[in-house]
Every structure is written in structure tokens, then in C-alpha cells.
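Report on the structure
Residues per chain are reported as follows:
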Amino acid sequence: QQQQQQRQQQQQHNMFRARFDYPPKSLLQWYPGHMAKGLRVMQRLVRSCDCVLEVHDARLPRSGRNPNFNLLREKPRIVILNKRDLADRSLEKSIVREYAERGEQAIFTDCRQQTAREFRKVVRAVLSHATDKCFDREVPGVRALAVGMPNVGKSSLINALRRSQVKRGKAASTGDRPGVTRAVQTHIKINERPAAYLIDTPGVMIPNVTNSEVGMKLALVGTLRDELVGETLVCDYLLFALNRAQEFGYVEQYGLDGPCDDIDVVLEAVARKAGKLLPGGVPDLHGAACFMLRRYRGGAFPSMTLDNINLAPLDAAPS
């Protein structure tokens, strides 16, 4: 029986593409003026902060890091791996260990579950960088500069910290599209005694994506705007990732006969299942792609870490 299962797995493996046909790197570039300006402002603001809170998507613990944030290295860095519910939880300990080996503290968070213990851990990490001079300022308290790439949940994290720790309402604008935060917000309180504040900054994309695989991962998690890359292409990469991980739940979910490597066939099934039909009952493939991506980003598919963390050390991550 075990041999039969192995043969079936091998047959399924042979059905699928060994490599993805990545688009030109020009499709994966997005660095509008407000991001360049935001990075310059961060470099100025970090001088008056006690630490940097660098927020990432937990699905991309390697390729989700913006190398330009190294410009902020003059202050200690706390790495927040957000959206942990969408990533493989079994890898968390090894990822935290690798960050620790680089002298960085990593904390996993899930803003949808709003677990107070997670947020207390973040606040404690910020407070650990308190010094006497923190409380001699015009606005006394520990300051952390919150940075991250677009759509990693940075603003959601800030709002969750406020609700959990100081029982206050929304301070940062949120949305399911990248680029919602465009202006710096200062003195967002996340703890009362001792006082601790965050400075929220715009999400800043990698200025030049030189690796197409990294670019497609960023597009899949929503860091790049869908319309730049194309929803159908991003959805095809999702299908490629699901098949490579042998996550075939989409077969039953959308009424397919079996695992499939043809995105048009899958999207036609999605369109019929979701009622995404054009006049005459023709499947709306673009509408189906948008629907499937929303479902993936909303947690309707198996949790997957898209980076292979066993491949190389974290500081060798491609940029």
C-alpha cells in the first residue's frame, strides 16, 4: 500500500510543471515617489527612536525583507512576522532561531485572532530598549519606528496593539490593497506605564526586484498591486505553489476531477462554482482569478510558507 501511494505521488508529481514561466522583471517593479520619500523620512526619524519594529509577512521570512531597511541598522531591530495564520506554523521555531543567530528578535503575530499574549510580547520587546533618556523627552516614553513592505499588516498590527494594550481605537488606516498608508503618523501610544509609542510609516517596496521568483511571491501575498502583474498570472503562480506543495484541497473545493496544472481549466471551474459568469453563461476567468486570490489571502487555502527556509541562511535571501 505504501508503494502504491508512492507511485501515485510520483505520477502526480510528473503531471506538474517543474519550473514556473516567470514574467519579465519589468512587470514586477513598483516604487512610486511616496515610497522613496518615505524611506528618506525613515532615515531621519530613526535617529530619535529607540528601536525599529520591522513587520513582514510570515509566509516570506526570507524574500519578504526589504534590503533598504538596512539603512536603519543604527538602532536595534525587532522583526514581526505577521499573518502567521497563513504560514506553516511548524517552521516557526527554526525561523526564530535563525533570526536569533543574526542578533535579531523575531515574533510571530496574527492580527485577526487578536491574541493578547502575542501583543504583550511585542510591547515587552519594545520596552526592553528603554533608557533613562527616553523619559526626558518632550513626550516621555519609548519610541519604535514601525516599517515594512506594503500590505504586510503593519497598520492592522498597530491597531491591534492599541486595542489590546491601551484599550483605544483605530489609529492607522488599513485595507486589503498595498499602499494604503502614505503618510507618517507619530506618537501612536501602545503602552501606558511605562509609556511606549510607535511611529507608523508608509510601506516601502524593494526599489528594484532583481529576482523574478521573489517578485511573484511578493505579488501572490499582495505586496505588489495585482493589476501591475495581472491577476491571472498571479493565480497561476498560486496553482503552481499549491501543486508543488501537494496541497490539492482546491480539487474538491471547486469540483475538479483531480489535481490540475492548467490555470484556465481551474479558473473555469472556479467561475462556475462561484457564479462568476458573463452573459450567456460564459465563465469570467478574470473575475474567477480575482475571487481565488481573495480566498487565498483570506485564509481559505492551506497555510503555506512560500520560502524554502532550509535552502540557505537568512542573510542569503535574494533581493
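Above: the structure in question.
Residues numbered from 1 in each chain as written. Predicted model: local features only at pLDDT ≥ 70, side-chain atom pairs only at ≥ 80, totals over all residues. Heavy atoms only, no water.

**Some remarks on the packing of helix α6 (residues 212–220) against helix α8 (residues 231–244)**
Interaxial distance between α6 and α8 falls to 9 Å at its minimum, and their mutual angle equals 100°. Classified by the angle their axes make, α6 and α8 are roughly perpendicular. Here Glu213, Met216, Lys217, Ala219 and Leu220 of α6 come into contact with α8, specifically with Leu233, Val234, Tyr237, Leu238 and Arg244. Taken together, the residues of the contact of α6 with α8 break down into seven nonpolar, no polar and three charged. (Axes fitted to C-alpha atoms, helices over the stretch in contact; angles between N-to-C directions. Helix = DSSP H or I, 4+ residues; strand = E, 2+ residues; numbered from the N terminus. Parallel < 35°, antiparallel > 145°, perpendicular 65-115°, else oblique. Contact = heavy atoms within 4.5 Å. Nonpolar A, V, L, I, M, F, W, Y, C, P; charged D, E, K, R; others polar.)

**Considerations on the side chain of Lys217**
The residue Lys217 is located in helix α6 in this model. You can call Lys217 buried: its relative accessible area is 7%. Reaching out from Lys217, the side chain makes a polar contact with the backbone oxygen of Leu306 at a distance of 3.4 Å. Contact partners of Lys217, with chain neighbours within four places excluded, come to Leu60, Ser63, Tyr237, Leu306 and Asp307. (Buried < 20%, exposed > 50% of the residue type's maximum accessible area, 1.4 Å probe, protein only. Polar contact = N/O pair within 3.5 Å; in protein donor to acceptor, adjacent residues only side chain to side chain.)

**With respect to the nonpolar core**
Grouped together as the largest cluster of nonpolar side chains are 85 residues, with contacts concentrated most on Leu145 and Tyr250. When residues of this core are assigned to their parent elements, the largest contribution, eight residues, is made by α8. Excluding its chain neighbours within four sequence positions, the residues that come into contact with Tyr250 are Leu239, Leu242, Asn243, Leu256, Pro259, Cys260, Val266 and Phe301. Judged by nonpolar contacts, the second largest core, of nine residues, contains Ala58, Leu81, Ile95 and Ala106. (Core = buried A, V, L, I, M, F, W, Y, C linked by side-chain atoms within 4.5 Å.)

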